[in-house]
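Breakdown of the fold
Single-letter residue listing:
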Amino acid sequence: MTEQIMEAISSEVYGVWFLIGAALVFWMQAGFTMCEAGFTRSKNSGNIIMKNLMDFCIGTVMWFICGASLMLGENILHGFSGGFSFDVFTDYGSFDYSAFVFNLVFCATTATIVSGAMAERTKFSSYCIYSAIISAIIYPIEAHWTWGGGFLAQWGFHDYAGSNCIHMVGGICALVGAWMLGPRIGKFVKDKNGKVTKVNAFPGHNLVVAALGVFILWLGWYGFNGAAATDIGTLGSIFLTTTVAPAVATVTCMIVTWVKYGKPDVAMCLNAALAGLVAITAGCDVTDCLGSAIIGLVAGILVIVGVWFTDYVVHVDDPVGAVAVHMLNGIWGTVAVGLFATKTAPGFELAGIGEGLFYGGGFEQLGKQFGGIGVTALWTVVLAAVTFGIIKKTIGLRVTEEEEIVGLDQMEHGLLSAYAGFEVVDDSFGIAYDEDEDTSQITGDVPETQAVPVMVSNTVPEGRPKMTKIEILCKERNLEKLKNALMKLGITGMTVSHVMGCGVQKGKPEYYRGVAVEASLLPKIRVDVVVCAVPVKDAIDTIKKVLYTGHIGDGKIFVYDVERVVKVRTGEENFEALQDVE
């Protein structure tokens, strides 16, 4: 009797955990949204929010119409699909609500993966149609093969939480969609024969948001991988492997990029964490600590190779690295089950599969894994190509050139900015500075005494007072201390303007996810003052003292002779016109 009570309690507890896990997977939508927005340009952030929101909302509608039946229904066509059923409407009282919700949030994840690879140039209407099709047909049918009792499950193929069924499928759809869509304007430079000669980097506008998205995804992944566990041993082991693999992947990526590019790549390491999570998803229940560490190590290298491959080999523009993270590591994670599955893992017995090659199981399980990957990939490529092809030929996939340049927030949604009231570009970013910056002497270690002196003429033509305009270009963060210093000097009148500038330090390329960063226009402040009574040399010395750090981007000072000054209100000219501002 006691044993039966404990079993009932355990069943209820894990039933609750099952739904908590579903909620965690739903929360991953926020992580995907933040990652995609952070890795892309601010002018498209609102569009990205809308796409990720509609992935789930449209997916929910399609799921209760037909998706749930195709995945969870009784086998038809020899396990190819589930049969249509409308029990959610006709027999709600005995319906399996938990399975419906749990599988729905996984379906939405598959659709969301595609959004990042096609970001910044896809028609919103076209994306909504695709999202509906993947939730209604592409995902439910192939997921039935593995999780709905279909032919792959009967064959012994193993994908515990979705390296194959979710991530590889989403990654393949992302690759097909991004290839058919074409690159963003300016991503690839081609010669007159159409050959790509240069790859340009488009750095994400907010790595802080992207990083928060990664941590949200990592948290959600404990539900993604662990929600189906029904005993504490299996759940604990899944949590362990889900922690070790992404951690090792990230450390590996940091070391490789540090060696390859001279500095650890922040954006690539964020992708590596996700790559490790994707790779461990298929075998999280049947691998041990050593196996998950090796899976993570390979994932950390594979994500770097994958980003390079999409940029430099197939020339597919993938703004967030979805192909490298999800497709390649989805494939690797599914294969890894046939290499690292071990009977010492608590979930191995329940999985009902053979041990991996490296644990003495031979090639049998490995062969099944490759077979499952091949069938699923073929289905996905064909369906994705047909779907995108039809959309492209009918309503079109891509926005116009003008819409892409202006930004999808404004052109697709009438949203002037997703960051109203905020400055979204950090003017201290890496290597960018004003376009005429002389870098020959500025290294960050040059003392102020060695800075190039400013030569000022003391000639006063025709006996009238000499008037001089001083134009200062500097970072916005230095405006307040510059203004205060000038006012202490006696210069109380000035004009302040926002301007844009760019430049690249010669001989010191910087990299964003393995691609050299070109000059990018960044905001600066231009301060204009006209002096007459205040000595020009004093003004310049004061400005230099305030702005000087010895690093790139300190700014410039331009000095001009002024022919005539007229004060409009009083008609005063020249020296007299300047007396209330000096």
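Analysis parameters
Residues numbered from 1 in each chain as written. Predicted model: local features only at pLDDT ≥ 70, side-chain atom pairs only at ≥ 80, totals over all residues. Heavy atoms only, no water. Helix = DSSP H or I, 4+ residues; strand = E, 2+ residues; numbered from the N terminus. Buried < 20%, exposed > 50% of the residue type's maximum accessible area, 1.4 Å probe, protein only. Phe/Tyr/Trp six-rings, centres within 6.5 Å; stacked < 30°, edge-to-face > 60°. Lys NZ or Arg CZ within 6 Å of the ring centre and 35° of its normal. Patch = residues over 30% accessible without salt bridge, like charges linked within 9 Å, V, L, I, M, F, W, Y side chains within 5 Å. Areas by Shrake-Rupley, 256 points an atom, 1.4 Å probe, with all protein chains shown as cover. Salt bridge = Lys/Arg side-chain N within 4 Å of Asp/Glu carboxyl O. Expected span 1.5 Å × (residues − 1). Polar contact = N/O pair within 3.5 Å; in protein donor to acceptor, adjacent residues only side chain to side chain. Disulfide = S-S within 2.5 Å. Core = buried A, V, L, I, M, F, W, Y, C linked by side-chain atoms within 4.5 Å. Contact = heavy atoms within 4.5 Å.

1. Structural notes on the environment of Glu-349
Within the secondary structure, Glu-349 is located in helix α13 (residues 348-351). Owing to a relative accessible area of 74%, Glu-349 belongs among the exposed residues under this scheme. Separated by 63 residues in sequence, Glu-349 and Val-286 place their C-alpha atoms 8.7 Å apart.

2. Some remarks on the packing of aromatic side chains
A complete count under the given rule lists 21 aromatic pairs for this structure. Consider the rings of Tyr-92 and Tyr-97, whose centres lie 5.1 Å apart with planes at 55°: the pair is tilted. Given the relative accessible area of 51%, Tyr-92 is considered exposed. Taking the centre distance of 5.3 Å and the plane angle of 40° together, the rings of Trp-221 and Phe-224 count as tilted. One end of the pair is Trp-221 and the other is Phe-224, both in helix α8 (residues 207-226) and 3 residues apart, which spans about a single turn. Residue classification places Trp-221 among the buried residues on the basis of a relative accessible area of 1%. Aromatic ring contacts, followed pair by pair, group Phe-18, Phe-102, Phe-106, Trp-147, Trp-221 and Phe-224 into a single cluster. Cation over ring: Lys-51 sits above Tyr-127, and NZ or CZ is 5.1 Å from the ring centre.

3. Considering unusual backbone geometry
Even without being a glycine, Glu-120 presents a positive backbone phi close to 80°. With respect to the helices and strands, Glu-120 occurs in the loop between α4 (97-117) and α5 (124-147). Glu-120 sits in the buried class, given a relative accessible area of 1%.

4. Description of a nonpolar patch on the surface
A surface patch of nonpolar side chains, about 660 Å² in accessible area, is lined by Leu-297, Ile-301, Val-305, Trp-308, Phe-309, Tyr-312, Val-313 and Val-314. Its location among the elements puts Leu-297 in helix α11 (residues 289-313). On the basis of relative accessible area, Leu-297 is assigned to the partly exposed category, the value being 40%.

5. Focus: helix α10 (residues 266-281)
Given 3.6 residues per turn, any residue in an α-helix points the same way as the ones three and four places further on. Here α10 is 16 residues long and its end C-alpha atoms lie 23 Å apart, about the 22 Å a rise of 1.5 Å per residue gives. For α10, the tally of buried residues reaches 15 of 16 residues, placing the bulk of the element in the interior. Capping the start of α10, Asp-265 holds a side-chain oxygen 3.1 Å from the backbone nitrogen of Ala-267, two or three residues further along.

6. Observations regarding the state of the cysteines
Enumeration according to the criterion identifies 0 disulfides in this entry. Cysteine Cys-269 shares no disulfide, and the gap to the nearest cysteine sulfur, in Cys-253, comes to 4.1 Å. For Cys-269, a relative accessible area of 12% gives the class buried.

7. Let's talk about the nonpolar core
Of all hydrophobic cores here, the largest spans 100 residues; its most connected members are Tyr-139 and Phe-388. The element that contributes the greatest number of residues to this core is α10, accounting for 12 residues. Beyond its immediate sequence surroundings of up to four residues, Tyr-139 is in contact with Trp-63, Met-71, Asn-103, Phe-106, Cys-107, Thr-110, Ile-134, Trp-147, Cys-165 and Ile-166. With 18 residues, the next largest nonpolar core counts Ile-470, Leu-486, Val-534 and Ile-543 among its residues.

8. Comments concerning the pattern of salt bridges
For the structure shown, the criterion picks out 11 salt bridges. With its nearest N and O atoms 3.8 Å apart, the salt bridge here joins Asp-311 to Lys-187. With Asp-311 in helix α11 and Lys-187 in the loop between α7 (163-181) and β3 (188-190), this pair connects stretches of sequence that are 124 residues apart. The pair formed by Asp-311 and Lys-187 is uniform in burial state, with each residue classed as buried. Here Glu-404 makes a salt bridge to Arg-398, at a shortest N to O gap of 2.8 Å. Since its relative accessible area comes to 25%, Arg-398 is described here as partly exposed. Shared partners join several salt bridges into a network, and the residues in it are Arg-41, Glu-120, Arg-184 and Asp-317.

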